[in-house]
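Chains, contacts and geometry: an overview
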Amino acid sequence: MTTVTPPSQAIIRPEKDTFLEEENPFESMMSRFDYAAQRLSLDPGLYKVLRSPEKQIIVSVPFLRDSGEVDVYTGYRVLYNTSRGPAKGGIRFDLNVTLDEVKALAAWMTWKCAVVNIPFGGSKGGVVCDPASLSNAELERITRRYTSAIIETLGPDSDVPAPDVNTNERMMAWIMDTYSMHKRHTVTAVVTGKPVEMGGSLGRREATGRGCMIVTREALRRLRMPVEGTRVVVQGFGNVGSIGAQLMEEQGMSVVAVSDKSGAVYNPKGLRIREVIQHVRQHRFLSEYKEAEHLTNEQMLTLDCDVLVPAAMENVITSHNAGQIKARIICEGANGPTTAGADKILDQNGVFVIPDILANAGGVTVSYFEWVQDRGGYFWDEDTVNQRLERIMVQSFEEVAGMAGRHGINLRIGAYMQAIERVAAVHRLRGMYA
Ligand code: GLU
C-alpha cells in the first residue's frame, strides 16, 4: 500500500463518460474521485481502499401501524471510511433511498469532513419510506426500530448520525433515547442535531445555511462581485434553503426566487424571505404564496441571476439543463445536486461551482462542535459557535481555492483532492493491518 508508483500507471481508470450512468450518485461521486485521485497520483493500493465502503448494512425495519397492522420497511447504514475518526453522517427518510445513494452520500461525508478538517470519517443512513404518509407515532416506532437494528455500529466513538432529508431534531432525540436505553445510561454524543435542551448545540439548526452564505460571500469576494444586490435563486426550501436564503438576504443579497416540491415563486425585485418562511409555516407549500410570480422548478433553475443555490436533492443540474444555467456562481447546498456530466458544461461556460462537500459542510462542522460539547459537558454560546464556524468555512474555502488554483482545476476537483490527500495521509501513517 505504501509503494509509490509513477503517475502514468498510478490509477486504473474505468472507462468513463460512455458508461457513466448520469443519475447514479455513486458513479457520479466515483468519477470525480477517480479524476482527483489521478491528479494526485494516488498509489494503486490506496486507490482501491478509498474506492471501497468499509461497511454496508441493510436491515428490515418492522413496525406497527396505527391501524394495528405490521409493515416492514428497508433501512441502510453505510460507513464509508473511518480512518480519520468516528463515522459521521445523517439519516434520511425518503421513498427514493437506495443502497447506491447511501453509499455515495457516505463517501461524500468522508470527503466533506476531510475538506473542513474535522476528525471524523463518513457514513450515511436511510429508510425507504414516505414520511408524509406516516403519523408521528409511526415515525417514532420506525426511528426507534431502525436505531436498534443498527445499534452495533452506533456510538460516540464509532458512528454518529444526524438529521438529513425528512429527519429532524425530534427524531434525533428518539435515536439518543433508544441508544441510551440499550446502554443503560444517557449518551448524548451518539447523535448530533438534537434539541438544545438535551445536548444539542446552539447554531446547529442554522449551520448548513450559514455555511452556504459564508462560502457564497467568499466566492463573490474572489470574483470581485458586490454582495449588495446580488441576485440569488434558491431551489429547495427546507432547513438549508430557507435559512440560507434568509441569511443571504440579511447580508444584503436579493433572493429573487425560491422553490419547494409544489413549484417556485419569483419576484425580480426580491422576495421578502421572512414572509415566505412564515407562509410556509402556515400553509406548508409555496404554491399558494400570493406576492410573487409562479414558475416550475425547471424554469427557475435557468433564471437570470448571480447565484444559484440547489438545496434540495441529487441530480438537479444535469447535462440536459446545465447549458441553460445563467448563474455566475452555484453554491451546492444539497449533496450531489450536479451530475458529473453537468460539471463539464458548467466548466466550459465559466460557472463558478462551490461544490457540495465544501458548500454544505457547515452542518457537519457544527455537528462536530455539538459532539465536542457533549463529550466535554461544557456548552458554548451561539456567538462562539458562529465565529468558529465562520473561521473553518473561510479557511476551507481558501484551501480548496488554493488547491484548485495551483493545479488549474475547478473547485470541485480541488475539494476532492484536498480531501483525498488528508484521508490518504492518515492511511499511510496508520499503515495496513494485514
Ligand atoms: N446531513 C448533513 C450532511 O449531509 C449533516 C451531517 C452531520 O451533521 O453529521 O452534511
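The text that follows walks through the structure, step by step, so that each part is easy to find.

Conventions used here
Residues numbered from 1 in each chain as written. Predicted model: local features only at pLDDT ≥ 70, side-chain atom pairs only at ≥ 80, totals over all residues. Heavy atoms only, no water. Near = heavy atom within 4 Å. Polar contact = N/O pair within 3.5 Å; in protein donor to acceptor, adjacent residues only side chain to side chain. Areas by Shrake-Rupley, 256 points an atom, 1.4 Å probe, with all protein chains shown as cover. Helix = DSSP H or I, 4+ residues; strand = E, 2+ residues; numbered from the N terminus. Axes fitted to C-alpha atoms, helices over the stretch in contact; angles between N-to-C directions. Parallel < 35°, antiparallel > 145°, perpendicular 65-115°, else oblique. Left-handed = near helix turned anticlockwise from the far one by under 90°. Contact = heavy atoms within 4.5 Å. Nonpolar A, V, L, I, M, F, W, Y, C, P; charged D, E, K, R; others polar. Buried < 20%, exposed > 50% of the residue type's maximum accessible area, 1.4 Å probe, protein only. Pairing = 2+ DSSP bridges. Right-handed = clockwise from strand over helix to strand, strands pointing away. Expected span 1.5 Å × (residues − 1). Disulfide = S-S within 2.5 Å.

1. Quick word on the site of the ligand
Near the ligand lie 14 residues; those nearest to it are K88, K112, P163, D164 and S367. One of the side-chain N or O atoms of K88 is found 2.8 Å from an oxygen atom in the ligand. D164 places a side-chain nitrogen or oxygen 2.7 Å from a nitrogen atom of the ligand. For the ligand, the protein covers 94% of the area, taking 300 Å² as the surface of the free molecule. Within the residue set of the shell around the ligand, elements represented by two or more residues are α4 (99–115) and α13 (362–376). The element that contributes the greatest number of residues to the shell around the ligand is α13, accounting for three residues.

2. Observations regarding the packing of helix α7 (residues 204–222) against helix α14 (residues 382–407)
Between two packed helices, both the angle of their axes relative to each other and the distance between the axes serve to describe the pair. Running from N to C, α7 and α14 point in directions that differ by 45 degrees, and their axes come no closer than 10 Å. Looking at the two axes, α7 sits oblique to α14. Regarding α7 and α14, the two cross each other, and that crossing is right-handed. Counting all contacts with α7, which are made through E206, A207, R210, G211, I214, V215, R217, E218, A219 and R222, the residues of α14 involved are E382, N386, L389, E390, M393, V394, F397, E398 and A401. Residues that form the contact of α7 with α14 fall into these classes: nine nonpolar, two polar and eight charged.

3. As for the pairing of strand β8 (residues 254–260)
Most of β8 sits inside the fold, with seven of its seven residues counted as buried. In this sheet, β8 lies alongside strand β7 (residues 231–235) in parallel orientation, the contact comprising five bridges. Bridging from a neighbouring strand, V233 pairs with A257 of β8. Read as a crossover between parallel neighbours, the route from β7 over helix α8 (residues 239–250) to β8 is right-handed. Of the pairings in the sheet, the one linking β8 to strand β9 (residues 263–266) comprises four bridges and is antiparallel in character. When the bridges of β9 are listed, V258 appears paired with V265.

4. Brief notes about the pairing of strand β1 (residues 55–64)
Sheet topology places β1 next to strand β2 (residues 70–81); ten bridges connect them, and they run antiparallel. Along β2, the bridge assignment pairs K55 with L79. Hairpin remark: β1 followed by β2, antiparallel, with five residues in the connecting loop; positive phi at G68, about 100 degrees.

5. Quick word on α8
Over its twelve residues, α8 runs 17 Å from end to end, which matches the ideal 16 Å to within 8%, given 1.5 Å per residue. Where burial is concerned, most of α8 is hidden: nine out of the twelve residues are buried. All of the buried residues in α8 are V240, G241, S242, I243, G244, A245, Q246, L247 and M248. The inward-facing, buried residues of α8 abut α7, β7, β8, α9 (273–283) and β11 (307–310).

6. Some details on the state of the cysteines
One pass over the full model with this rule turns up zero disulfides. With no disulfide of its own, C305 lies closest to C331 among cysteine sulfurs, the gap being 12 Å. When its relative accessible area of 4% is taken as the criterion, C305 is described as buried. The cysteine C331 is free of any disulfide, with C212 supplying the nearest cysteine sulfur at 4.1 Å.

7. A short note on the packing of α8 against α9
Remark: α8 packs on α9, axes separated minimally by 9 Å, with the N-to-C direction vectors making an angle of 160 degrees. Between α8 and α9, the crossing angle belongs to the class labelled roughly antiparallel. As for how α8 packs across α9, the hand of that crossing is left-handed. Along its contact with α8, which presents S242, A245, Q246, E249 and E250, the element α9 presents I273, R274 and I277. Classifying every residue of the contact of α8 with α9 gives three nonpolar, two polar and three charged.

The analysis is restricted to geometry; functional conclusions fall outside its scope.
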